[in-house]
Amino acid sequence: MDPGLINLVFVLVSLLLAFGIGEWIERRHYKSIRVREVECKHLPTVTLERLPVPKGWTYHSAGMMTGHVVISVDHFKRFVARLRQLFGGRIRTYETLMDRARREAILRLKRKALDEGYHAIVNLRIESSRLASSGRKGKGTAGVEILAFGTGVRMKKVGA
Amino acid sequence: MRFDSKLPDDSVNMGDGSPVREAGLLIIGVLVTVLVITTALALSIETLVPLVPPSLEVRVFNRVAELAGDSNEEAPAADKKEQECATPDGTRVVKVQSILDRLATHWVDSPYPAFHVFILEDELPNAFALPGGAIGVTSGLLDRVETENELAFILGHELGHFAGRDHLRGLGRGLAISVVWMALGLSGDQVEGLASSASAFSARHFDRTQESDADLFSVQLLASEYGHAAGTRAVFERVLIDPSTEEADGIKNEAADRNDETPGNLERLAGYLSTHPLGEDRILALDAFIKASRWAADGEQRPWRTSASEDSLVEDCGEELQELND
């Protein structure tokens, strides 16, 4: 068979394989995210700096809460994104990836806050940073870190 | 103020549509774009190559060879000949060169001052034309060749590439495509694999025409030198058969078995996808040309590997050396 055709078939087969595996992992992750989001739904998490305190209650204590996740891109998503760089437009394959990462980071933060007995998270912020890789002469991306951080607050009844 | 606890909404942040469909459209987009770019480049090269005078080509590429450290150029001719005659490979070079020189005399309006042969140690049977008038043949090819006529046909084919300036076209296309790849930032990129498949596909059309034209040019030299066109068929049927291309040969044999004049879809596709037209196609084109030119398709062929020829070769080598020393 012609080398050019073999090359093309190899590219397409590796893409399909990567897509199959990536899709399976993504579906499984979303399933887990949705279950845990329902579990943590009752914890108020806001971007406000101060939460209005209910009548008869006051702040008891506060603590720094963080939740982070480091994600890498699969071959299929990276390939499609690379093609998008040539033609322009929305990189949809990265949208689901970043959405999963952001939700996972917030979930980890909320889980930690619930475990430590906090009643709410205020001043929630999200940061991202790119991890460089040695590939492509240092221009490659090994992955992205999404960090969610905020202040966990505990309330107490006035006079308690 | 009441806190309204809500679950994240999946619908707003994620694009709709299938990622596979998006990938498919993008891949087709790249393939089509690259096909258009490389075809346009190849057509420009086709126009530009005839404008380069062969004298300039020889000057430039000989200078390149010198810069690459070809120290033999400086050695006296007699020393060089002695060195060549002393080794089996050197002897073979002399012999191949003498066949090439004889063939080249039949190319009367050749714009090239001379052609040089060199041997490359490689098991795969192959020969190639390099800019400046150099022709490379692999040791594997020389081992498989049984008659001088077969070798002459292959050398004539390479001379045909010089006649068509095909070596410059290939080089020009390669250079132009590399520049475009670099400009698009695709060099060493994973997308380059995809793009190079498309550009190879585009180059195929040009390569195939060149191969057939070189065959016809070669058979003319062969007929002028030997008075007949014997040995051409053996080149396709025995010499150039490469074990790694058994698949293409399988298709070819299958077509022959069916005794079918019109090739089936599979054969046509395989023929189109390969750089060189299938051997069978080239043989048919050659046979038709030989018939139309009224040359004898068979005739007495000169031996290539017999001990007698080796002896005469050593004698030739000795004579040439003597002449140079005188």
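Residues numbered from 1 in each chain as written. Chains lettered and ligands numbered in written order. Predicted model: local features only at pLDDT ≥ 70, side-chain atom pairs only at ≥ 80, totals over all residues.

(A) Highlighting the overall build of chain A. Broken down by element type, chain A carries three helices and three strands. What you see in chain A, going N to C, is helices and strands ordered as α-β-α-α-β-β. Looking at the 160 residues of chain A, the share that counts as buried comes to 21%. Sequence-distant contacts, at least 24 apart, represent 81% of the contacts inside chain A between residues at least 6 apart. (Helix = DSSP H or I, 4+ residues; strand = E, 2+ residues; numbered from the N terminus. Buried ≥ 20, exposed ≤ 12 C-beta atoms within 10 Å, placed from the backbone. Contact = placed C-beta atoms within 7 Å.)

(B) Fine view of the overall build of chain B. Counting its regular elements, chain B contains 14 helices and three strands. Counting contacts in chain B only where the partners sit at least 6 residues apart, residues at least 24 apart contribute 74% of the total.

(C) Spatial organisation of the interface of chain B and chain A. Listed as interface residues are 28 residues of chain B and, on the opposing side, 29 residues of chain A. Sorting the residues of the side of chain B that touches chain A by element identifies α2 (19–48) and α9 (190–226) of chain B as the ones contributing at least two each. For the side of chain B that touches chain A, the element with the most residues is α9(B), which contributes eight residues. Across the side of chain B that touches chain A, the residue classes break down as 15 nonpolar, 10 polar and three charged. (Nonpolar A, V, L, I, M, F, W, Y, C, P; charged D, E, K, R; others polar.)

(D) Molecular detail of helix α7 (residues 148–163) of chain B. Residue and element names in this part refer to chain B. Spanning 16 residues, α7 covers 22 Å between terminal C-alpha atoms, matching the ideal 22 Å at 1.5 Å per step. Most of α7 is tucked away, with 16 of its 16 residues classed as buried. The positive-phi residue at the C-terminal boundary of α7 is R165, with phi of around 55 degrees. (Expected span 1.5 Å × (residues − 1).)

(E) Spatial organisation of the pairing of strand β2 (residues 127–130) of chain B. Residues of β2(B) alternate between two faces, with A127(B) and A129(B) buried on one and F128(B) and L130(B) left unburied on the opposite face. Count of turn residues in the β2(B)/strand β3 (residues 134–138) of chain B antiparallel hairpin: three residues, of which G132(B) carries a positive phi of about 100 degrees. (Pairing = 2+ DSSP bridges.)

(F) View of the packing of α2(B) against helix α8 (residues 166–183) of chain B. All names here are of chain B. Contact pair α2 / α8: the axes reach a minimum separation of 9 Å and the direction vectors enclose 140 degrees. Here α2 is positioned oblique relative to α8, judged by the angle of their axes. Here the hand of the crossing between α2 and α8 comes out right-handed. On α8, the residues that touch I37, T38, L41, A42, I45, E46 and L48 of α2 are R169, G172, R173, A176, I177 and V180. Residue classes in the contact of α2 with α8 are distributed as eight nonpolar, two polar and three charged. (Axes fitted to C-alpha atoms, helices over the stretch in contact; angles between N-to-C directions. Parallel < 35°, antiparallel > 145°, perpendicular 65-115°, else oblique. Left-handed = near helix turned anticlockwise from the far one by under 90°.)

(G) Just unusual backbone geometry, in detail. Positive phi, normally seen in glycine, also occurs at N123(A), with a value near 55 degrees. With respect to the helices, strands and loops of the structure, N123(A) is situated in strand β2 (residues 120–132). One non-glycine residue, R165(B), lies in the positive phi region at around 55 degrees. Structurally, the position occupied by R165(B) is in the loop between α7 and α8. Judged by the 20 C-beta atoms lying within 10 Å of it, R165(B) is buried.

(H) Here's a closer look at the sheet that holds β2(B). Residue and element names in this part refer to chain B. What the three strands build is an open sheet, ordered β1-β3-β2; its pairing is mixed. Every interior strand has two partners, whereas the edge strands, β1 (116–120) and β2, have only one. Neighbour to neighbour, the strand axes of the sheet diverge by 25 degrees on average, direction disregarded. When β1 meets β3, the two strands line up parallel, connected through five bridges. Directly across from V117, in β3, lies its bridge partner I135. Taken strand by strand, α7 contacts β2 and β3, and its axis lies near 30 degrees from that of β2.

Purely geometric numbers; function is a separate question.
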